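Residues per chain, in single letters:
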Amino acid sequence: MSTRRTRPAPRPPEGTPPRTELARQARAVLADAVRIAHWAAGAAAPGSAAPLATQALERAATALELSPAQVRAGWDRARLAGLIELHGDTARPGWRLRAWDRDDSAVLRGWVALFDAWSLVHAAPEGIEAGAVAEAVEAVPQVLSLLQLSAGPVAVPALLDLLAQRIAELQEERCEVPYGAGRPAAESAPTTTARPAPAPHRSADLDALLLDWALEGLAAVGALTLGKGHATLTPLGNWAVWVKLEQICVAAQSPAGNIEQSAADMLLGCARLSPGPARAEYRAWLAARTVGSAVAELLAVARGQDALLRGLAFEALRVVGAPAEPEVRAVVAHPSLRPYALLWLAEYEGADPDDAQEILSREEATWLWVDTAAAVADHGETGLLVRHLDSAVQGTVPALLDEVRAVGHPRTVQVLVALAAAHPDPALAKAVRRAAFQVHTGGA
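(A) Quick look at a negative patch on the surface. Side chains of Asp352, Asp354, Asp355 and Glu358 sit close together on the surface and give a patch of like negative charge. Checked against the element boundaries, Asp354 lands in the loop between α18 (338-348) and α19 (362-379).

This is how it looks when you write it as structure tokens:
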């Protein structure tokens with residue numbers, strides 16, 4: 001059985017290392033984060049939306065023979081890369097941590113999540129207006145594109161010129177003309193016939209400071225190296241920028257021998273099949289097992305941290321039908337499974353699939369939206385994540401962000417960072433990034 005592609009898979013630029021080597025480099029970048037994640041998972045370490053608690057920080061520093069600063073940095077990286085997830089006051093291993101030593105695709109996805117969150121990893125300089133920082137973040141993809149196209153070192157002055165130019169373009173696109181800057185109100189009011197005055201000249205020193213911050217942040221996540229007066233993308237950074245430009249999935253899965261595979265591998269193998277062939281594959285897999293063992297295995301996968309597998313597991317359970325009903329009803333109390341189980345039961349009892357969503361509470365629907373977005377961010381294409389906004393029950397993006405922040409899904413930060421990186425609307429992307437930062441730091 002094979003899948004059809006709409007176009008051949010693009011080949012990475014010449015000289016790009018094989019995926020095994022890229023994964024090795026990503027593991028090296030996240031080595032401390034992985035150690036801290038294993039420690040946190042083994043110690044059931046208390047945590048919160050804010051940084052690691054002081055007591056746990058001291059215990060981790062002692063156990064791992066790292067400085068408190070190294071532990072704090074590794075803790076943040078582990079969370080942003082999906083290596084650990086916080087459930088209440090307990091840190092649990094993310095699905096990537098369990099797959100870390102054997103799955104290069106999971107490693108690369110984790111590193112890309114960290115790459116997307118570089119502005120959270122490296123704190124912005126103090127005393128700079130938040131709007132100026134947001135503009136720099138929005139302009140950085142242009143800088144990365146130049147570095148990727150140059151295929152070698154690029155002088156910092158050239159990067160600075162490009163950053164300043166892109167920021168000016170962003171301001172012009174938004175018509176952000178701050179009337180009255182440094183002038184009396186009577187003088188600053190525009191007439192009905194006058195054209196808007198140009199925005200005041202932006203400080204070159206400010207742009208240089210923001211560029212230094214961005215380059216240091218990207219270097220901190222292993223995307224580039226800094227030399228004397230120049231910057232160069234690392235092989236990881238070059239590959240990641242190419243992936244972003246091509247808008248392809250980081251790791252493509254194809255079905256092969258799914259009947260003999262575990263539930264998790266079977267579901268991953270079916271992930272890119274259309275609904276009809278996927279159901280046929282589910283039936284073949286189920287036919288080779290007793291119903292009880294198959295349902296138990298599917299629900300065990302659904303309890304894991306991979307949101308894509310959670311959704312696919314319940315699709316496979318729909319094929320099982322009535323024999324799965326008692327087990328599905330029993331997991332309604334499980335927070336991460338509740339929305340899926342309620343929808344399964346509603347459809348099982350005869351509800352139209354398009355109307356079944358109405359049985360979910362607002363909070364349950366929001367949790368399901370975040371979980372689905374996590375699946376798209378991990379396994380899907382950029383455009384799918386942007387279009388996923390339309391499926392939210394909230395009428396506006398601000399309302400969605402407010403409720404997403406409150407719902408407490410462990411993947412909230414990563415979902416918001418990925419959505420901000422993908423969305424073409426700069427103003428909306430800025431609002432989503434702000435929400436991600438607030439969740440990451442525990443702010444309101």
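(B) Structural context of the layout of surface pockets. Here the second largest pocket defines a volume of roughly 1,100 Å³. Considering every element that reaches the lining of the second largest pocket, the biggest residue donor is helix α16 (residues 307-320), with 8 residues. A per-class count over the lining of the second largest pocket returns 20 nonpolar, 7 polar and 8 charged.

(C) Representation of the packing of aromatic side chains within the structure. For the coordinates displayed, the defined rule picks out 4 aromatic pairs. Ring geometry for Phe314 versus Tyr340: centroids 5.6 Å apart, planes at 20 degrees, classification stacked. Separated by 26 residues along the polypeptide, Phe314 in helix α16 and Tyr340 in helix α18 bring together distant segments of the chain. Between the aromatic rings of Trp344 and Tyr348, the centroid separation amounts to 5.3 Å while the plane-to-plane angle is 15 degrees, which identifies the pairing as stacked. Of the two residues, Trp344 and Tyr348 both sit in helix α18, 4 residues apart, roughly one turn of that helix. Given the relative accessible area of 2%, Trp344 is considered buried. For Tyr348, a relative accessible area of 39% corresponds to the partly exposed category.

(D) Focus on the environment of Thr225. Looking at the element boundaries, Thr225 is found in strand β4 (residues 224-227). Taking C-alpha positions, Thr225 is 9.6 Å from Gly237, a pair spaced 12 residues apart along the chain. Contact partners of Thr225, with chain neighbours within four places excluded, come to His230, Ala231, Thr232 and Thr234.

(E) Molecular detail of the environment of Ala377. Among the secondary structure elements, Ala377 is positioned in helix α19. Between the C-alpha atoms of Ala377 and Leu308, which are 69 residues apart in sequence, the distance is 9.6 Å. Once residues lying within four places of it in the same chain are set aside, the contact partners of Ala377 are Leu385 and Ala418.

(F) Layout of the pairing of β4. Two elements, β4 and strand β5 (residues 230-233), share 4 bridges in a ladder whose sense is antiparallel. Within the sheet, the bridge partner assigned to Leu226 lies in β5 and is Ala231. Counted along the chain from β4 to the antiparallel partner β5, the turn is 2 residues long, and its residue Gly229 has a positive phi close to 80 degrees.

(G) The pairing of β5, seen in detail. Note that strand β3 (residues 154-155) and β5 share 2 bridges and pair antiparallel. Pairing of Val154 across the sheet is with Ala231, part of β5.

(H) Here's a closer look at the environment of Arg279. Tracing the sequence through the fold places Arg279 in helix α14 (residues 275-287). On the basis of relative accessibility, which here comes to 38%, the residue Arg279 falls in the partly exposed class.

About the cut-offs
- Residues numbered from 1 in each chain as written.
- Predicted model: local features only at pLDDT ≥ 70, side-chain atom pairs only at ≥ 80, totals over all residues.
- Heavy atoms only, no water.
- Patch = residues over 30% accessible without salt bridge, like charges linked within 9 Å, V, L, I, M, F, W, Y side chains within 5 Å.
- Areas by Shrake-Rupley, 256 points an atom, 1.4 Å probe, with all protein chains shown as cover.
- Salt bridge = Lys/Arg side-chain N within 4 Å of Asp/Glu carboxyl O.
- Lys, Arg positive; Asp, Glu negative; His and termini not counted.
- Charge placed at Lys NZ, Arg CZ, Asp CG, Glu CD.
- Helix = DSSP H or I, 4+ residues; strand = E, 2+ residues; numbered from the N terminus.
- 1 Å grid on protein atoms, 1.4 Å probe; cavity = no way out; pocket = protein on both sides within 12 Å on 5 of 7 lines; lining within 4 Å.
- Points joined across faces, edges and corners; volume = space filled by probe spheres on them.
- Nonpolar A, V, L, I, M, F, W, Y, C, P; charged D, E, K, R; others polar.
- Phe/Tyr/Trp six-rings, centres within 6.5 Å; stacked < 30°, edge-to-face > 60°.
- Buried < 20%, exposed > 50% of the residue type's maximum accessible area, 1.4 Å probe, protein only.
- Contact = heavy atoms within 4.5 Å.
- Pairing = 2+ DSSP bridges.

What is shown is where atoms sit, not what they do.
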